[in-house]
Amino acid sequence: MRSTISVSIAFSIAGLALAGCATSNPELVRAGLPLGAIEVRNMAEHPITDLRIGICGETFMGGPDYGYDRLDRQRIQPGASMSFPASAGCYTISAMTSAGPVFGRTEEYFDTVYVAAEPGSVAVWTVPNR
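Criteria and thresholds
Residues numbered from 1 in each chain as written. Predicted model: local features only at pLDDT ≥ 70, side-chain atom pairs only at ≥ 80, totals over all residues. Heavy atoms only, no water. Helix = DSSP H or I, 4+ residues; strand = E, 2+ residues; numbered from the N terminus. Contact = heavy atoms within 4.5 Å. Disulfide = S-S within 2.5 Å. Buried < 20%, exposed > 50% of the residue type's maximum accessible area, 1.4 Å probe, protein only. Pairing = 2+ DSSP bridges. Axes fitted to C-alpha atoms, helices over the stretch in contact; angles between N-to-C directions. 1 Å grid on protein atoms, 1.4 Å probe; cavity = no way out; pocket = protein on both sides within 12 Å on 5 of 7 lines; lining within 4 Å. Points joined across faces, edges and corners; volume = space filled by probe spheres on them. pLDDT = per-residue confidence, 0-100.

Q: Where do I start with the side chain of serine 98 in this structure?
A: Among the secondary structure elements, serine 98 is positioned in strand 6 (residues 89–98). The residues contacting serine 98, other than those within four sequence positions of it, are His46, Pro47, Thr49, Arg105 and Thr106.

Q: Got a minute to help me understand the state of the cysteines in this structure?
A: In a disulfide, the sulfur atoms of two cysteines are covalently bonded to one another. Throughout the structure, instances matching the rule amount to one disulfide. Each disulfide pairs two cysteine sulfurs, and for cysteine 56 the partner residue is cysteine 90, the sulfurs being separated by 1.9 Å. Residues cysteine 56 and cysteine 90 share a disulfide whose torsion about the S-S bond is about -60°; that sign makes it left-handed. Taken together, the residues span a long stretch of sequence, with cysteine 56 in the loop between strand 2 (48–55) and strand 3 (59–60) and cysteine 90 in strand 6 at a distance of 34 residues. Take cysteine 56: its relative accessible area is 26%, and that puts it in the partly exposed class.

Q: Please clarify how the pairing of strand 2 should be interpreted in this entry.
A: Looking down a regular strand, the side chains alternate between one sheet face and the other. Counted residue by residue, strand 2 has seven buried out of eight residues, so it is predominantly covered. Strand direction decides the pairing type here: strand 2 and strand 6, joined by seven bridges, are antiparallel. Bridging from a neighbouring strand, leucine 51 pairs with alanine 95 of strand 6.

Q: Please explain the sheet that holds strand 1 (residues 35–42) as it appears in this structure.
A: Strand pairing within a sheet occurs via backbone hydrogen bonds; the two strands may be parallel or antiparallel. With respect to topology, three strands assemble into an open sheet ordered 5-1-8, the strand pairing being mixed. Looking at the sheet topology across the chains shown, the edges are occupied by strand 5 (81–87) and strand 8 (122–127). Direction aside, neighbouring strands of the sheet carry axes that sit 20° apart on average. By the bridge criterion, six bridges tie strand 1 to strand 8 in an arrangement that is parallel. Looking at strand 8, one finds that valine 40 is bridged to tryptophan 125.

Q: What is the right way to read empty space enclosed by the protein from this model?
A: With a probe scaled to a water molecule rolled over the atoms, the places where space remains empty come into view. In total, this model carries one cavity of 30 Å³ or more according to the counting rule given. Of the volumes computed, that of the largest cavity is approximately 50 Å³. Forming the walls of the largest cavity are Ala44, Glu45, His46, Thr97, Arg105, Glu107, Tyr109, Asn129 and Arg130.

Q: How do you make sense of the confidence of the model for the protein chain when you look at a structure like this?
A: Low pLDDT means the predicted atomic positions in that stretch should not be read closely. Looking at the protein chain as a whole, the pLDDT averages 83, with 78% of positions reaching at least 70. Below a pLDDT of 50 lies the segment residues 3–22, which in the model reaches two contacts outside its immediate sequence neighbourhood of four places, other chains included.

Here it is in structure tokens:
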């Protein structure tokens, strides 16, 4: 019983420490910059279940900060795409595909995309079929 309480306390402290370091979702539309979009195309065998888009140069603990999942419980099915309004600039992007909730195969993809300075420009990122 005592070790269970100690473990619970340790996890609680670790969770609070990480929560204190958490970042918010980077704003993709920023005032004063031309507006375009990032289009994510899913050519993988399985749906994209987690998609994160961050701004190049913003880091968290030494790595790129992608922010939180932007799909809001949605999925991008194989062969489908989804667009996100974004100002001109450089973005880091990550996606995870998943074949199922428990023992399904998952794969992660990472890349950098650039939305051009021309208003209406679309940066297309394709998640390939591996």
